[in-house]
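If you want the building blocks of each chain, they are given just below.
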Amino acid sequence: MIEVKDIRKSYGDTQAVKGISFSINDGECYGLLGPNGAGKSTTINMLSTLFPPDSGEITINGLDIKNAREEVKKILGVVPQEIALYSNLTAWENMLFWGGLHSIAKSELHKKAEELLALVGLSDRKNEKVKAYSGGMKRRINLACALLHSPKILLLDEPTVGVDPQSRNMIFELIEQLNKDGMTIIYTTHYMEEAERLCDRIGIIDSGVIVAQGTLDELKQKSEIKDVIVMECGQTPDQSFLSSKLNLQVKVTDHTAYIESNDSKKDLTRCVIGCSDAGYEVHHIDIQKANLENVFLKLTGKQLRD
Amino acid sequence: MFKILKKELLSFLKDKRAVMLTFLLPTILISVFALAFGGSGNDDIQKIPLLVCDQDNTSITRQTISDIDSVKMIEVIPCSYDSGMDLVTRGKKAAMLVFRKGFSDSVSAMTSFPCDLHYDASQTQEMGIIQSLLGRSMYSSMGKAMRNKSMKMNKDSIVLSIDKQYPGMDKATHEMVVKNINKNFESASSGMNTDAQSKMKLNTVSVVSAKVGNLGLVQAVAGTAVMMLLFSLTGMGGGLLDEKEQGTLKRLLYSPVHPAQILLGKMACSIIVATFQLAVMFIFASLVFHLQVLDKIVPLSIIILATAFACSGFGVFLATIARSRAQLQSMSTLIILSMSVIGGSMVPTFIMPQWMQNISVISINYWSIQGFYDILYRDLPIGGIFLERVCVLLIIGIVLTLLAFRFFRKNVLSLD
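Residues numbered from 1 in each chain as written. Chains lettered and ligands numbered in written order. Predicted model: local features only at pLDDT ≥ 70, side-chain atom pairs only at ≥ 80, totals over all residues. Heavy atoms only, no water.

Visitor: How do you make sense of the interface of chain A and chain B when you look at a structure like this?
Guide: By a widespread convention, an interface's size corresponds to the accessible area lost as its parts come together. Counting from both sides, the interface comprises 19 residues of chain A and, opposite them, 13 residues of chain B. A combined buried area of about 1,600 Å² lies between chain A and chain B, and 61% of that area is made up of carbon and sulfur atoms. Contact with chain B buries area across many residues of chain A, yet A:Leu50, A:Lys73 and A:Leu101 alone supply 31% of it, more than any other trio. Across the chain A-chain B interface, the total number found is one salt bridge. With its nearest N and O atoms 3.5 Å apart, the salt bridge here joins B:Lys250 to A:Glu82. Where chain A packs against chain B, one counts six residue pairs in polar contact (both at pLDDT 80 or more). (Contact = heavy atoms within 4.5 Å. Buried area = accessible area lost by both parts, 1.4 Å probe. Salt bridge = Lys/Arg side-chain N within 4 Å of Asp/Glu carboxyl O. Polar contact = N/O pair within 3.5 Å; in protein donor to acceptor, adjacent residues only side chain to side chain.)

Visitor: Hey, could you run me through helix 6 (residues 165-180) of chain A in this one?
Guide: Because each turn of an α-helix spans 3.6 residues, side chains separated by three or four positions in sequence point in the same direction. Residues and elements named next belong to chain A. Here helix 6 is 16 residues long and its end C-alpha atoms lie 22 Å apart, about the 22 Å a rise of 1.5 Å per residue gives. Here helix 6 has its buried residues at Ser167, Arg168, Ile171, Phe172, Leu174, Ile175, Leu178 and Asn179. End-on view of helix 6: buried residues confined to an arc of 165°, all on one side of the axis. Opposite the buried face of helix 6, at more than 90 degrees from it, the exposed residues are Pro165, Gln166 and Lys180. Looking at the packing, one finds that the buried side of helix 6 touches strand 3 (29-33), helix 4 (106-119), helix 5 (135-145), strand 7 (153-157), strand 8 (184-189) and helix 7 (192-198). Where helix 6 ends, the next residue or the one after it, Gly182, has phi of about 110°, a positive value. (Helix = DSSP H or I, 4+ residues; strand = E, 2+ residues; numbered from the N terminus. Expected span 1.5 Å × (residues − 1). Buried < 20%, exposed > 50% of the residue type's maximum accessible area, 1.4 Å probe, protein only. Arc of directions from axis to C-beta.)

Visitor: Sorry if this is basic, but what is going on with unusual backbone geometry here?
Guide: As a rule of thumb, non-glycine residues mostly have phi less than zero, and peptide bonds are mostly trans rather than cis. Residues and elements named next belong to chain A. Even without being a glycine, Glu158 presents a positive backbone phi close to 45°. Relative to the elements of secondary structure, Glu158 occurs in the loop between strand 7 and helix 6. Looking at Glu158, the relative accessible area reads 5%, which means it is buried. A positive phi angle is found at Ser207, which is not glycine, with a value near 50°. Residue position: Ser207 is located in the loop between strand 9 (201-206) and strand 10 (209-214).

Visitor: Which parts of the structure should I look at to understand the sheet that holds strand 13 (residues 256-261) of chain A?
Guide: Strand pairing in a sheet is mediated by backbone hydrogen bonds. Such pairs are either parallel or antiparallel. Residues and elements named next belong to chain A. Overall, antiparallel pairing links the four strands, which are arranged 12-13-11-14 in an open sheet. On the outer flanks of this sheet lie strand 12 (250-253) and strand 14 (282-288), each paired with one strand and no other. Between one strand axis and the next, the sheet turns through 20° on average, direction left out of account. With six bridges connecting them, strand 11 (residues 227-233) and strand 13 associate as antiparallel partners. If you follow Val228 over to strand 13, its bridge partner there is Glu260. Running at roughly 150° to strand 12, helix 9 (residues 239-246) makes contact with strand 12 and strand 13 of the sheet. (Pairing = 2+ DSSP bridges. Axes fitted to C-alpha atoms, helices over the stretch in contact; angles between N-to-C directions.)

Visitor: Would you mind going over the packing of aromatic side chains with me for this structure?
Guide: A ring pair, where both rings are aromatic, is described by two values, the distance of the centres and the angle of the planes. Summed over all chains, the structure comprises 10 aromatic pairs over all chains. Consider the rings of A:Tyr11 and A:Phe51, whose centres lie 6.2 Å apart with planes at 90°: the pair is edge-to-face. Taken together, the residues A:Tyr11 in strand 1 (residues 2-11) and A:Phe51 in the loop between helix 1 (40-47) and strand 4 (55-60) connect sequence positions 40 residues apart. By relative accessible area, which is 37% here, A:Tyr11 ends up partly exposed. For A:Phe51, a relative accessible area of 14% puts it in the buried group. Ring geometry for B:Tyr366 against B:Trp367: centres 5.0 Å apart, planes inclined by 85°, an arrangement best described as edge-to-face. Taken individually, B:Tyr366 and B:Trp367 each receive the classification buried, so the pair is uniform in this respect. The structure contains a cluster of three or more aromatic residues connected by ring pairs, namely A:Tyr86, A:Phe97 and A:Trp98. Over the face of the ring belonging to A:Trp98 we find B:Arg251, whose NZ or CZ atom lies 5.5 Å from the ring centre. (Phe/Tyr/Trp six-rings, centres within 6.5 Å; stacked < 30°, edge-to-face > 60°. Lys NZ or Arg CZ within 6 Å of the ring centre and 35° of its normal.)

Visitor: So what exactly am I meant to see when it comes to the packing of helix 16 (residues 364-376) of chain B against helix 17 (residues 384-412) of chain B here?
Guide: Geometrically, a packed helix pair is captured by the angle between its two axes and the distance between the axes. Residues and elements named next belong to chain B. As a packed pair, helix 16 and helix 17 sit with axes 9 Å apart at the nearest point and diverge in direction by 155°. On the basis of their axis angle, the class for helix 16 and helix 17 is roughly antiparallel. For the crossing formed where helix 16 meets helix 17, the hand is left-handed. Seen from helix 16, the contacting residues are Ile364, Tyr366, Trp367, Ser368, Gln370, Gly371, Asp374 and Ile375; seen from helix 17, they are Ile385, Phe386, Arg389, Val392, Leu393, Ile396 and Leu400. (Parallel < 35°, antiparallel > 145°, perpendicular 65-115°, else oblique. Left-handed = near helix turned anticlockwise from the far one by under 90°.)

Visitor: How should the nonpolar core be read in this particular structure?
Guide: The nonpolar side chains of soluble globular proteins are, as a tendency, buried together. In this structure, A:Leu154 and B:Phe282 are the most contacted members of the largest nonpolar core, which totals 141 residues. No other element matches the 12 residues that helix 13 (residues 297-321) of chain B contributes to this core. Not counting the four nearest positions on each side in its chain, B:Phe282 is found in contact with B:Val221, B:Ala222, B:Leu291, B:Val293, B:Leu300, B:Ile304, B:Phe372 and B:Leu376. By size, the runner-up hydrophobic cluster in this structure holds 22 residues, among which are B:Leu50, B:Val76, B:Leu97 and B:Cys115. (Core = buried A, V, L, I, M, F, W, Y, C linked by side-chain atoms within 4.5 Å.)

What follows is the structure, given as structure tokens:
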């Protein structure tokens, strides 16, 4: 279990983290979602014991990171944002080096390295220098190197930056598998779809504070963001008539009605029938699902990639 | 075209490093080289210090020393025999002139010339100048003393002989005769006879081994080796900055490795590479240029290790105070070239002005090259002066390593 209580961190006059608190249960995948400069990496660096918070408290499996850095390091695996590998060494040499820092027995390390290389699909290219790899392959080795000592908790700091779709998918599948096997995961990203796909709970971080956290549904509720059923009709519908008939919030522009719904799947049929009954010929239907992007926009007032 | 020119100039001026490399670096290097070899442009004559030990301490030796001191290019430094020998043996001064006990009596009797010039054979140029100037000054000074003595003896014997042959000579005539004799003696030959000159040959004694190696070769190998070592180790130290830039340093810090271990690991690697680099250079010089190293393996290994340690400390220290590779490159070029000039990597220190010789001790090059001289040229045994130089190199290495640790924490680990 990870407990973060009111941590703060400043660099000179700039306050990067302004009192963040959250807790993560064992085996959970927690996402930190926010734009660049929101404080995600600073939070990860504090969690990974790279530097302590100016104030506040972080405990990992009951260990205070200020007093038990070495013990905490043993149970943490960190995948940095950079491709932190020695490009002149082969993938195999990199794995032996990074694993060797954790004092793993040689035979065990070799076995683990082989396993992980197979898992990230690079067994057949393990003896090539990392500098010859594609961006996606480098990212996969970058991830594999963090798993050599079989950590209980994995911190991933934007691990898919500049990755091709194939590698991205492979990384997602690996993270999902690790999480399924019981590994606790903290995942920072500014890609909504990644957080939506991988994370059980999400903390939305902006300007050094967590503005909201919870499951995706909880975040939708908190932000009061709804799905929108878009119906393009042969003529412009009457807004108040349609709204009272469907008992839903309706906005109309030109020939299109935008109908807000908490459960678009359930309301879709009712909306189509309602429109037809009212004499509006429906030409086209679309559902705009409430997503993290809308939630983020609603909660922070800005686009995630601002 | 004008727009391109304007843009190029603007880009150049905004690149502080490029501007520094273009103007500041050459200016500083020209200053260092000029001060080392050309002086400050005025006509002041650079005096060569000459230690003088006067064991006879008579009016003749004092007069001779004063005459030597009046030579424009020589600066007499009085000293005791032991302290003078120590300074010459260490290579701090080129030579010591010793007037042995009984010098004046020997000169008066024109029997011998008990005066020795103890010198450091590695300082060939200074020695050449000293010997040439000393010869001229001392022949003149001693010749005058000898002439005065012999003339006085001859005059006295002639006057005595006249007194014996003409006992009744009146006082006025006697005075006139003596005056004429004096006048004739004073206008007599001003030169010194060949016999006296042969007796006045200065006895020169090298304070270092009788077996003298090839100074030029030792200078070329040691000077170049140390300078190149400083460059290559600074490059290796720069690996720290690369690790910071690439994120591997951060990843190392995530692992159960203490930050001090990272720096120590880098240093250990530098020391090993440096040791091999120096060893290879001396083996090459031995095989190709026949530099005698085989019988000096132990002292050579000691000075190589000490040099490797000091240079590694220097490389890591520079890397920890630099903010980027580019900054490290500019800084190291400037510092290493300056150290190499004043420390004797490019030319021997003894041809430099005295004040530059005095500041040469702040460079690693000086202590290392002098250590190599001690073994390969002066043929000094392990101990004494040689060990002192080794200790200085070790102290430099320790101080730079400690400073590197401090700046590593402050600059590198800040990861900002």
